[in-house]
Amino acid sequence: MTEILLVGFGKMGGALLKGWIRNNVVSNVLILDPYIKEFPEKFSNFKYIRLYNNTNELPKNISPSMVVLAVKPQVMKEVLLELKFINVLKTCWLTVAAGLPIDFYENILGPKISIFRTIPNIPAEVSRGVTAIVKNKNCNQDQTLLAKNLLQSIGQLVELDDENLMDAVTAISGSGPAYFYYLIEAMTFSGVSIGLSKQNALKLARETFLGAAALLDKSEEDVSSLREAVTSPGGTTEAALNTFQKNNKYFKLVKKAIISARDRGIDLADQLK
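These remarks concern the structure in this document. All values reported here derive from a predicted model rather than from experimental measurement. (Residues numbered from 1 in each chain as written. Predicted model: local features only at pLDDT ≥ 70, side-chain atom pairs only at ≥ 80, totals over all residues. Heavy atoms only, no water.)

**Some words on unusual backbone geometry**
Heads up, the rule is: Under the DSSP-based scheme used, a helix requires at least four consecutive residues in state H or I and a strand at least two consecutive residues in state E, with every element numbered from the N terminus. Relative accessibility under 20% of the residue-type maximum defines a buried residue, over 50% an exposed one, and the middle range a partly exposed one, all with a 1.4 Å probe and only protein chains included.
In this model, N247 sits at a positive phi of 60 degrees, which is unusual for a non-glycine residue. Relative to the helices and strands, N247 resides in the loop between helix 9 (236–245) and helix 10 (249–272). By relative accessible area, N247 is classed as exposed at 61%.

Pasting the structure below:
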């Protein structure tokens, strides 16, 4: 149980807070966000959560165990400059912003800060997220344990030694939920085009996705074996997969999309240096 300053209360900030509450890993959360004037009702009953709209409202003697930076990369520099009144060496910093490398934060807050760079994803809201984490050399054992506890409360954790891989992580898991939702949209559209109502097509696509994911979660078989188990020779599934697999175009398209996402993360960092 510890004090956290959560900066930014958008989709990801809200998802993080839900996970922390659900798993009882925080005792005192200060939220800083100029655009949120009052808490959503689902958070209003928690007395240890306080909302502030600007840094001037924060307690003067604030010394959080961790500052969690859940703001967009484009405003990160401005936010960090406003937070420099905090004793940066007595706290540790955890960022969930895409694209920005550790040295971006060190250049603003100082080279001796303890900083964790992470990429969680939006299923953190239901404690089914997956987060990659990398840290600088200043992070001590207690700070690392705190970071892990916060992130493991919202799902699985992947530790990296090479920060250069974080843009690849963003492309796979950070952006990944949107890819699956888009597939459900495409399946729904296709179902309507061959005669189903939109309501039924969406229900069939959605529940098929959820069921397949649940089976993958529980099964000891790998994904290729599960796919093959559905694919009878000469059957309907094979006909669909043959369309996907012709000239390997499905894998090529997915790879192209993943590379585009990775490269955009790199571009963001270059633009904001």
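That covers the picture; the talk isn't over yet.
**Topic: the environment of V88**
As a reminder, the rule being used: It only takes one pair of heavy atoms within 4.5 Å for two residues to be counted as in contact.
Looking at the secondary structure, you find V88 in the loop between helix 2 (76–82) and strand 5 (92–95). In this structure the C-alpha to C-alpha distance between V88 and N248, which are 160 residues apart in sequence, comes to 51 Å. Not counting chain neighbours up to four residues away, the residues in contact with V88 comprise W93, L109 and I113.

**So, the packing of helix 5 (residues 166–174) against helix 6 (residues 176–193)**
We count it as follows: The axes used here are C-alpha line fits, helices contributing only the stretch in contact, and every angle between their N-to-C directions lies in the interval 0 to 180 degrees. Just so you know the grouping, Ala, Val, Leu, Ile, Met, Phe, Trp, Tyr, Cys and Pro go in nonpolar, Asp, Glu, Lys and Arg go in charged, and all remaining residues, Gly too, go in polar.
The geometry of helix 5 relative to helix 6 is characterised by a closest axis approach of 5 Å and an angle of 35 degrees between their N-to-C directions. Here helix 5 contributes A171, I172, S173 and G174 to the contact with helix 6, which in turn contributes G176, P177 and Y179. Of the residues belonging to the contact of helix 5 with helix 6, the class tally is four nonpolar, three polar and no charged.

**Comments concerning the pairing of strand 4 (residues 66–69)**
Inclusion rule: Strands are treated as partners if at least two bridges between them are detected by DSSP. A clockwise course of the path from the first strand over the helix to the second, judged with the strands pointing away from the viewer, identifies a crossover as right-handed.
The side-chain alternation of strand 4 yields two buried faces, one formed by M66 and V68 and the other by V67 and L69. Where strand 1 (residues 3–7) and strand 4 come together, four bridges link them in parallel fashion. Bridge assignment links L6 to a residue of strand 4, and that residue is V68. With four bridges joining them, strand 4 and strand 5 adopt parallel strand pairing. Looking across to strand 5, one finds that M66 is bridged to C92. The parallel pair strand 4 and strand 5, bridged by helix 2, forms a crossover whose chirality is right-handed.

**Observations regarding the pairing of strand 7 (residues 129–135)**
Burial analysis of strand 7 places five of its seven residues in the buried class, which makes it a mostly covered element. Here four bridges tie strand 6 (residues 114–119) to strand 7, and the two strands are oriented antiparallel to one another. When the sheet's bridge partners are listed, T118 is paired in strand 7 with I133. Looking at chain direction, strand 7 and strand 8 (residues 155–159) are connected through five bridges and run parallel.

**Notes on the sheet that holds strand 3 (residues 49–52)**
The eight strands are arranged 3-2-1-4-5-6-7-8 in an open sheet whose pairing can be described as mixed. Each of the sheet's edge strands pairs with one partner strand only, and the pair in question is strand 3 and strand 8. For this sheet, the mean angle separating the axes of adjacent strands, direction not counted, is 20 degrees. Where strand 1 meets strand 2 (residues 28–32), five bridges bridge the pair, whose relative direction is parallel. Looking at strand 2, one finds that L6 is bridged to I31.

**With respect to the nonpolar core**
Condition: Note on terminology: a nonpolar core comprises buried Ala, Val, Leu, Ile, Met, Phe, Trp, Tyr and Cys residues joined through side-chain atoms within 4.5 Å.
If you look at the biggest cluster of nonpolar residues, it comprises 32 residues, and the most contacted ones within it are L5, L69, L83, W93 and Y105. At the level of elements, strand 1, strand 2, strand 4, helix 2, helix 3 (102–109), strand 6, strand 7 and helix 5 are the ones that each hand at least two residues to this core. Broken down by element, the residue count for this core peaks at five residues, all from helix 3. If we skip the residues at most four places from it in the chain, W93 touches V67, L69, L80, L83, V88, L109, I113, S114, I115 and F116. Among the nonpolar cores identified, the runner-up in size contains 29 residues, and F9, I31, M66 and L146 belong to it.

**Focus: the side chain of D33**
Here is the rule we go by: Side-chain atoms alone can form a polar contact between residues adjacent in sequence; in general such a contact is a pair of N or O atoms within 3.5 Å, and within protein one must be able to donate a hydrogen while the other accepts it.
The topology assignment puts D33 in the loop between strand 2 and strand 3. Take D33: its relative accessible area is 8%, and that puts it in the buried class. Looking at D33, its side chain comes within polar contact range of the main-chain nitrogen of F9, at 2.7 Å. Ignoring anything within four residues of it in the chain, the contact list for D33 reads G8, F9, G10, Y52 and N53.

**Some words on the packing of aromatic side chains**
To be explicit about the condition: Ring pairs are drawn from Phe, Tyr and Trp, using the six-membered ring of Trp, whenever the two centres fall within 6.5 Å, and their geometry is named by plane angle: stacked under 30 degrees, edge-to-face over 60, tilted for the rest.
For the coordinates displayed, the defined rule picks out three aromatic pairs. Taking the centre distance of 5.3 Å and the plane angle of 80 degrees together, the rings of F104 and Y105 count as edge-to-face. With a centroid separation of 4.8 Å and an interplanar angle of 45 degrees, the aromatic rings of F244 and Y250 are classed as tilted. Classification of Y250 by relative accessible area gives partly exposed; the value is 35%.

**Comments concerning the state of the cysteines**
Applied cut-off: Only a pair of cysteine sulfur atoms within 2.5 Å counts as a disulfide in this structure description.
Scanning the entire structure with this criterion turns up zero disulfides. Lacking any disulfide linkage, C92 is separated from the closest cysteine sulfur, that of C139, by 6.8 Å. Assessed through its relative accessible area of 0%, C92 is described here as buried. On the basis of relative accessible area, C139 is assigned to the buried category, the value being 11%.

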